[in-house]
Amino acid sequence: MTAAVSFKSVSRHFGTVRAVDNVTLDIAEGEFFALLGPSGSGKTTCLRLIAGFEQPTSGRISIFGEDATATPPYRRPVNTVFQDYALFPHLSVEDNVAYGLMIAGQGKAERRRQAGEALELVALSGFGGRKPSELSGGQRQRVALARALVMKPKVLLLDEPLGALDLKLREAMQGELKSLQRQLGITFVFVTHDQGEALSMSDRIAVFNEGRIQQTGSPSEVYDRPETPFVADFVGSSNVLPPEMVRELTGTSAPASLRPEAITLGEGTLSGKVVSLSFLGAATRVEVDTARARLNVLLPKGRPVPAVGDAVMLGWPADALHVMEHAHG
Ligand SMILES: Nc1ncnc2c1ncn2[C@@H]1O[C@H](COP(=O)(O)OP(=O)(O)OP(=O)(O)O)[C@@H](O)[C@H]1O
Ligand SMILES: [Mg+2]
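Residues numbered from 1 in each chain as written. Chains lettered and ligands numbered in written order. Predicted model: local features only at pLDDT ≥ 70, side-chain atom pairs only at ≥ 80, totals over all residues.

A closer look at the overall build of the protein
Step number 1: The helix and strand inventory of the protein stands at 9 helices and 17 strands.
Step number 2: Considered along the principal axes of its C-alpha atoms, the protein spans approximately 75 × 45 × 35 Å.
Step number 3: Every one of the 329 residues in the protein was classed for burial, and the buried ones make up 38%.
Step number 4: Within the protein, contacts between residues separated by at least 24 positions form 63% of all contacts whose residues are at least 6 apart in sequence. (Helix = DSSP H or I, 4+ residues; strand = E, 2+ residues; numbered from the N terminus. Buried ≥ 20, exposed ≤ 12 C-beta atoms within 10 Å, placed from the backbone. Contact = placed C-beta atoms within 7 Å.)

Structure (structure tokens):
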């Protein structure tokens, strides 16, 4: 099947900054695809390359099988929801949503009809006459979404669309975005630096660091089988065991990841000393110093919690230790 978006060895350099560095990537049609990575890792630059606001320094981008190099942004079947929403403050909600249609030369009646449809899609029927300043943050976010959807893109690019919302609203919008994507069946490329958000919403995730893709895979692949120490640490704060420690435990000399929630305290093979405790609500994080590494242990609510300074034994199921044989950074 033809990929919705395809990057072949794409780089975008700004002077000496390698914002995007030799990225190869295929995003399938209808996929909910997340670009996940820390600040400055190249996520927004990737979106801008797809949208056509940036040109690659080298490499090739195709959209639905067609080379996109010579296609200007407005001719690409993609649309963007920006992090700051970029709504026009002096226009009504309806005129904001209909703006792109007006630029495209649609008549007034048709604009009203389509804007009304898009507002209905994001559950904002009846808000068309308001100004953006008369809306809550979550409602503004929906207007931005309606404004992008009204153009009927085949690929919707979303740059940290939920970043400005509080946790509760953010979680509600995650569910709504996901069901909207299913309902419309269009491809979503979703930028976030929040690993929980990427894991819960996406079909697949590309994990970025310093302009490069560290790993591409399903949420469970990147969470349970990280290919690099960076992915292990960034996606779910896994413990990364140094190669010499892994050699003692398994015979293989390579870094390994070990999920904090996989470790039990009580009986086990590794001894350590508790150095700190953090109460997280549903669990307690226990930091344990062992001879070779400091490890985080996540104790679910209800388990006995040791005290700082206690000597403890750490254990884990054999398959919880994930050796990263091909780790490259
Ligand atoms: N127009 C530009 N000129 C120079 N450097 C740029 C330009 N745009 C981006 N960069 C640099 O490229 C790198 C990647 O930037 P980008 O905006 O893609 O990161 P990001 O992953 O979206 O980060 P954030 O999570 O903070 O939004 C950064 O080091 C940034 O400073
Ligand atoms: Mg960004």
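Considering the site of ligand 1
Step number 1: What surrounds ligand 1 is the set F14, V17, A19, G37, S39, G40, S41, G42, K43, T44, T45 and H193.
Step number 2: For the shell around ligand 1, the secondary-structure elements that each account for two or more residues are β2 (17–27) and α1 (43–51).
Step number 3: With 3 residues, the top contributor of residues to the shell around ligand 1 is α1.
Step number 4: Its residues placed into classes, the shell around ligand 1 shows 3 nonpolar, 8 polar and 1 charged. (Near = placed C-beta within 6 Å. Nonpolar A, V, L, I, M, F, W, Y, C, P; charged D, E, K, R; others polar.)

Notes on the sheet that holds strand β6 (residues 78–81)
Step number 1: Here we have 6 strands laid out as an open sheet, ordered β6-β7-β8-β3-β9-β10, and mixed in their pairing. This sheet does not close on itself; its edge strands, each paired only once, are β6 and β10 (212–217). Averaged over all neighbouring strand pairs, the angle between strand axes comes to 20 degrees, with direction disregarded.
Step number 2: For strand β9 (residues 204–209) and β10, the ladder comprises 5 bridges, and the chain directions are antiparallel. Bridge pairing links F208 to I213 in β10. (Pairing = 2+ DSSP bridges. Axes fitted to C-alpha atoms, helices over the stretch in contact; angles between N-to-C directions.)

Focus: the nonpolar core
Step number 1: Among the nonpolar cores identified, the biggest contains 78 residues, and I50, V97, A146, L157, V189, F190 and V207 are the most heavily contacted of them.
Step number 2: Each of domain 1 (5–231) and domain 2 (244–323) contributes no fewer than three residues to this core.
Step number 3: Excluding anything up to four places from it in sequence, V189 contacts V5, I27, F33, L35, L47, I50, V155 and L157. (Core = buried A, V, L, I, M, F, W, Y, C linked by C-beta atoms within 7 Å. Domains from an automatic or database assignment.)

Thoughts on the pairing of strand β3 (residues 32–36)
Step number 1: Counting buried positions along β3 gives 5 out of 5 residues, so the element sits mostly inside the fold.
Step number 2: By the alternation rule, side chains of β3 split into F32, A34 and L36 and F33 and L35, which are all buried.
Step number 3: By the bridge criterion, 5 bridges tie β3 to strand β8 (residues 187–192) in an arrangement that is parallel. Residue pairing in the sheet places L35 in a bridge with V191 of β8.
Step number 4: The pairing of β3 with β9 spans 4 bridges and is classified as parallel. Among the inter-strand pairings, L36 is bridged to a residue of β9, identified as V207.

Some remarks on unusual backbone geometry
Step number 1: Non-glycine residue Y85 carries a positive phi angle of around 70 degrees.
Step number 2: A residue is classified by how many C-beta atoms lie within 10 Å of it, and Y85, with 18 of them, is partly exposed.
Step number 3: The backbone of E160 sits at a positive phi, close to 45 degrees, despite the residue not being glycine.
Step number 4: Examined against the element boundaries, E160 turns out to sit in the loop between β7 (155–159) and α5 (167–184).

Quick look at the domain arrangement of the protein
One widely used convention gives an interface's size as the accessible area the parts lose upon coming together.
Step number 1: Parsing the protein into structural domains produces domain 1 (5–231) and domain 2 (244–323).
Step number 2: Between the C-alpha centres of domain 1 and domain 2 the distance comes to 38 Å.

What about the packing of helix α2 (residues 93–103) against helix α4 (residues 137–149)?
Step number 1: Axis separation between α2 and α4 bottoms out at 7 Å; the angle between their running directions is 30 degrees. On the basis of the axis angle, α2 is roughly parallel to α4. Of the two elements, α2 crosses α4, and the hand of that crossing is right-handed. Between α2 and α4, the residues in contact are V93, N96, V97, Y99 and G100 and V143, A146 and R147, respectively.
Step number 2: Considering only residue class, the contact of α2 with α4 consists of 5 nonpolar, 2 polar and 1 charged. (Parallel < 35°, antiparallel > 145°, perpendicular 65-115°, else oblique. Left-handed = near helix turned anticlockwise from the far one by under 90°.)

So, the environment of A164
Step number 1: Among the structural elements, A164 can be located in the loop between β7 and α5.
Step number 2: Of the residues examined, A164 has 15 C-beta atoms within 10 Å and is grouped as partly exposed.
Step number 3: Once the C-alpha coordinates of A164 and S257 are considered, the two residues, 93 residues apart in sequence, prove to be 32 Å apart.

Regarding the environment of D95
Step number 1: Positionally, D95 belongs in helix α2.
Step number 2: Overall, the presence of 17 C-beta atoms within 10 Å leaves D95 in the partly exposed class.
Step number 3: Measuring from C-alpha to C-alpha, the distance between D95 and P38 comes to 35 Å, with 57 residues separating the pair along the chain.

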